[in-house]
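Examining the three-dimensional arrangement
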Amino acid sequence: MGKKIKKEVEPPPKDVFDPLTIESKKAATVVLMLNSPEEDILAKACEAIYKFALKGEENKATLLELGAVEPLTKLLMHEDKIVRRNAMMIFGILASNSDVKKLLRELEVMNSVIAQLAPEEEVVIHEFASLCLANMSVEYTGKIQIFEHGGLEPLIRLLSSPDPDVKKNSIECIYNLVQDFQCRTTLQELNAIPPILELLKSEYPIIQLLALKTLGVITCDKESRVMLKDNQGLDQITKVLETKELNDLHVEALAVIANCLEDMETMVLMQQTGSLKKLLSFAENSTVPDIQKNAAKAITKAAYDPENRKIFHEQEVEKCLVTLLGSDSDGTKIAASQAISAMSENLSSKEFFNTQGIPQIVQLLKSDNEEMREAAALALANLTTSNPANANAAAEADAIDPLINILSSKRDGAIANAATVLTNMAIQEPLRAIIQSHEVMRALLGPLHSTNTMVQSTAALAVAATACDLEARTELRNCGGLEPLVELLHSKNDEVRRHASWAVMVCASDELMAAELCRLGALDILEEINLSVSRKNKFSEAAYNKLLNNSLSLKYSQTGYLSSSNIISDGFYDYGRINPGTKLLPLKELCLQELNDHRATLLVNSKSDISPPPSMEDKSSEIGYGRSISSSSSLRRASKEKASAGFGSPTEEKSEPTSGRNTVISRGTAKEKGSRKGRGKKEEEKVKEEEEVLAVPKLTEGSPDKEWYPPSDPEFCVYVYEVTKSILPIVNIREQIEALAKYVADKMGGKIPKEKLSDFSWELHISELKFQLKSNVIPIGYIKKGIFYHRALLFKALADKIGVGCSLVRGEYSRAWNEVKLVNEARKGVIGNLPPPEEYIVDLMFHPGTLIKLRSREADLYCFL
């Protein structure tokens, strides 16, 4: 054998770097290695970073600060599978950090991550890519990016992956995505429900839970519910409920069923298969509060459909709900109350709760839990609406006191519901009296001041329902409730404005309240509302008319019309026509104005015995209102005119007005009549002095601080006395009207032929009166030469005193007239229905006492020519 020759080792090439093993203990050094071109170094660096990131959130933040994210994104598309896998694993962990998520969105790596979901990739890559997407989908912008880059389809495909982690991450990401409506729509197109239902068979509870949660969201849409039913999904979910071992999934399963019960077809199907009965029994007998609560919520959702309510009633759902009211859980009681609210739309259910349910609900009103009180009040509100029996049942269960207490609650919904129940109760007079005895008006003061429109609306409606009695209205005024009520008329909310108008209309039922409402500006606000086509409503118009009916001076000035039911009282004045939106000055201001050339204001006032006797400097002095004026000469003129008109002195027999209205007779008037029978000179002068005293208003110009009274009108007092004694006793209404018309014409200058109308110098007479009185306000009795509108006002004022129904209508060019209704005398004895009364205009000028048929040529000539 030959000798062995040792082979020499060849030295490495001079241009090759000798291998170097480095042990690094700093993350920064490893992050620098991510830029290496060597695959082995990249793989090991990624592996080290992955282990470092797993240790906690602080390490993730450190990696972000070191700039590890940018080079890692480049590695997601690396050619080497190991490098790509390790980089993806890092992102799966890092994406849970919110700052990392933000940076990833800015770097637009979504395409690279979704590409890792491709079927040919390893399961590990699928796991961490889906985990990254699950973390990214928590935020809205992340959802949008995943959806826009087509991530939903590969995620649905991965629901069938053999790996449970991949399934869990995928369904979690899908659950986050379907919170958005657009994603839910796409999910239906991708037929995602079958693979989601398959996850219910998983052995991992978290996967089952996420699958049920996802189904709970997507079944909010009708199309998804149909797909679930078509894929026998209801059967699978029902089996979950029937399996006691899966009780941790029952709450989410009930949420899915709650959505499905909204469909009539599903409800019928569950009724036919007996599943509905099982559901109710399950809810009633369960000992888990959350299950009972969610079952009640399911009933609530479904009961909004009328057909579903019928089916529920047939299944005796009411008994189940009453049982749930007795639960120890507040959440269950609240959910049961809400379900009762929904079921109360069914009349049969409402009747059932009359004896079973209402007493338990009333007890919930006394709870310390505000949410429970709100839910209980809502149930009572629906149960008592249009149901007097339930309102009585609630009152018998002592609901009134806790309901009034709830009006001071901090929850707007509770206040609104309680106010609604009180409104429903107050419709019945006996219950209204009980509610009023609990100082309900004071309790409603807070809700009236609320800024919540729902509370404002229900509070105003409660006022309208409870302020039907004088005592209640007085309480409302005394506690300051009128101010916020009037303020609600300014609301931009239609319902608030409507209910506030309704309440104002009710409150304006008596004169004192109407005057206070007008003082607070209600009339002006309502007038403004009614001028707007969009803001006005029937109640605002009715409230405005109600207030006007208690302020007839303003009504006549604005509308030019007083009906037969508008009774002129003392203090009425006719200022003339005013345009809408123009403010009518009070009588006091008009009386204290300086004399001007405006149209004279006519005053009706039969109160002549209220002014105390001031000192008289000169009996014949002519001083304006706020001053004194001698009226004895005018009284004597009135006496002479009365004698010439054929009205004798009043007889001893006294006649009471049949209308029940009071007639005012001045003491001076009676004494004046005695003077006509030839008393001695001294006695006549004494009477004259007393008459002068009666003609003086209480306020003098030099003492403005004293209480002011409107100017007295002794002449009008005489008129009232005379027509009461001479015309009121006339039985025939037509004869009464004719006699009164002649009397008025006689006092206003007598008959005026048409051809001499232009020669009738009434303007000069009015000017002389204004100058004599030093005022623009003239009492109607002082006018001895009156034209149409003077006579029509006097006729209406006297007719109202003796109960003769007539209206007052203002025309153009100083025209005004009175309209009366009379039954045809020729038909009075005819058996059967009488025709409607005929309308006439009373002639007070040309042929006093003549009745002109309305809408005839003669009527047009009288009114317009």
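All values derive from a computational prediction rather than experimental measurement.

To continue, consider the environment of Y719. Take Y719: it is sitting in helix α45 (residues 714–726). With a relative accessible area of 1%, Y719 lands in the buried category. As a C-alpha pair, Y719 and L794 span 75 residues in sequence and 9.5 Å in three-dimensional space. Discounting residues that sit within four places of it in the chain, Y719 has contacts with Y743, K747, G781, K784, L794 and L798.

Next up on the list: unusual backbone geometry. Although it is not a glycine, E439 sits at a positive phi angle of roughly 55°. Along the chain, E439 falls in the loop between α30 (429–437) and α31 (440–443). With a phi close to 55°, K774 is a non-glycine residue in the positive phi region.

This part is about helix α40 (residues 552–559). In terms of burial, α40 is largely enclosed, as seven of its eight residues are buried. Within α40 the residues assigned to the buried category are L552, S553, L554, K555, Y556, S557 and Q558. Looking at the packing, one finds that the buried side of α40 touches α38 (522–530), α39 (538–549), β1 (561–562), β2 (572–574), β5 (807–810) and β6 (816–822). Count one or two residues on from α40 and you reach G560, which has phi positive near 70°.

Another aspect to go through is the nonpolar core. Formed by 193 residues in total, the largest nonpolar core has its most connected members in L72, F312 and M425. Those residues in contact with M425 that lie beyond four places of it in its chain are A391, A394, A395, A399, I400, L403, L431, R432 and I435. Grouped together as the second largest cluster of nonpolar side chains are 62 residues, L794, A799, C806 and A859 included.

Compared with an ideal rise of 1.5 Å per residue, which puts 16 residues at 22 Å, helix α2 (residues 39–54) spans 23 Å between its outermost C-alpha atoms and is within 8% of the ideal. Along α2, the residues that are buried comprise L42, A43, A45, C46, I49, Y50 and A53. For α2, the angular spread of the buried residues around the axis is 165°, confining them to a single face. Of the residues one or two after α2, G56 is the one with positive phi, at around 155°.

Take the packing of aromatic side chains next. Within this structure, the stated rule accounts for seven aromatic pairs. Here F352 and F353 contribute two aromatic rings whose centre-to-centre distance is 5.7 Å and whose plane-to-plane angle is 85°, an arrangement assigned as edge-to-face. Ring geometry for W762 and Y789: centres 6.0 Å apart, planes at 85°, overall edge-to-face. A residue pair is termed long-range when its members are at least 10 positions apart, and W762 in helix α47 (residues 762–773) and Y789 in helix α48 (residues 788–802) qualify at 27 residues.

Turning next to the sheet that holds strand β8 (residues 851–853). Strand order in this open sheet of five strands is β1-β5-β6-β7-β8, and the pairing throughout is antiparallel. Pairing within the sheet leaves two strands with one partner each, and these edge strands are β1 and β8. Here two bridges tie β1 to β5, and the two strands are oriented antiparallel to one another. When the sheet's bridge partners are listed, Y561 is paired in β5 with V809. Where α48 meets the sheet, its contacts fall on β1, β5, β6 and β7 (838–842), and the angle it forms with β6 comes to roughly 40°.

Tallied over the entire structure, the rule returns 33 salt bridges. Close ionic contact of K222 with D263 constitutes a salt bridge, the shortest N to O distance being 3.3 Å. Of this pair, K222 sits in helix α15 (residues 222–230) while D263 sits in the loop between α17 (250–260) and α18 (264–273); the two residues are 41 residues apart in sequence, bridging distant segments of the chain. Here R411 ties to E374 by a salt bridge, and the two come within 2.5 Å at their closest N and O atoms. On the criterion of sequence distance, the pair formed by R411 in the loop between α28 (400–406) and α29 (412–426) and E374 in helix α26 (residues 370–384) is long-range, its members being 37 residues apart. On the basis of relative accessibility, which here comes to 33%, the residue R411 falls in the partly exposed class. Through salt bridges with shared partners, a single network forms among K222, R225 and D263.

As a general rule, the predicted coordinates of low-pLDDT regions are not to be interpreted in detail. Considering every residue of the chain, the mean pLDDT works out to 82; 84% of them sit at 70 or more. A low-confidence stretch, residues 610–704 stays under pLDDT 50, and its non-local contacts, those more than four residues away or across chains, total 157 contacts.

Before going further, it helps to examine the pairing of β7. Here β6 runs beside β7; their pairing, made up of five bridges, is antiparallel. If you follow V820 over to β7, its bridge partner there is Y840. The pairing of β7 with β8 spans three bridges and is classified as antiparallel. Counterpart to Y840 in the pairing with β8 is K853.

Turning next to the packing of helix α5 (residues 81–94) against helix α8 (residues 123–136). For the pair α5 and α8, interaxial distance at closest approach is 8 Å and the crossing angle is 30°. Between α5 and α8, the interaxial angle falls into the category roughly parallel. Between α5 and α8 the crossing geometry is left-handed. Residues R85, M88, M89, F91, G92 and I93 of α5 form the contact with α8, whose own contacting residues are V124, I125, F128, A129, L131, C132 and N135.

The next point concerns the environment of Y840. Residue placement: Y840 occurs in strand β7. Assessed through its relative accessible area of 9%, Y840 is described here as buried. When the C-alpha atoms of Y840 and K821 are compared, they prove to be 6.3 Å apart, with 19 residues separating the residues in sequence. Residue contacts for Y840: discarding those within four places in its chain leaves R734, N818, E819, V820, L822, L851, I852, K853 and L854.

All right, on to the sheet that holds β2 then. Spatially, β2-β3-β4 is the arrangement adopted by the three strands of the open sheet, whose pairing is mixed. Taken across any chain shown, the strands that pair with only one partner, and hence form the sheet edges, are β2 and β4 (777–779). The average undirected angle you get between the axes of adjacent strands in this sheet is 30°. With three bridges connecting them, β2 and strand β3 (residues 601–604) associate as antiparallel partners. Each bridged residue has a counterpart across the sheet, and for Y573 the counterpart in β3 is L603.

Of all seven residues in β6, six are buried; the element is thus mostly enclosed. Pairing geometry for β5 and β6, over four bridges, is antiparallel. The residue of β6 that forms the bridge with L808 is N818. Following β5, the chain reverses through five residues before pairing antiparallel with β6; Y813 in that reversal takes a positive phi of roughly 55°.

What counts, and at which threshold
Residues numbered from 1 in each chain as written. Predicted model: local features only at pLDDT ≥ 70, side-chain atom pairs only at ≥ 80, totals over all residues. Heavy atoms only, no water. Helix = DSSP H or I, 4+ residues; strand = E, 2+ residues; numbered from the N terminus. Buried < 20%, exposed > 50% of the residue type's maximum accessible area, 1.4 Å probe, protein only. Contact = heavy atoms within 4.5 Å. Core = buried A, V, L, I, M, F, W, Y, C linked by side-chain atoms within 4.5 Å. Expected span 1.5 Å × (residues − 1). Arc of directions from axis to C-beta. Phe/Tyr/Trp six-rings, centres within 6.5 Å; stacked < 30°, edge-to-face > 60°. Pairing = 2+ DSSP bridges. Axes fitted to C-alpha atoms, helices over the stretch in contact; angles between N-to-C directions. Salt bridge = Lys/Arg side-chain N within 4 Å of Asp/Glu carboxyl O. pLDDT = per-residue confidence, 0-100. Parallel < 35°, antiparallel > 145°, perpendicular 65-115°, else oblique. Left-handed = near helix turned anticlockwise from the far one by under 90°.

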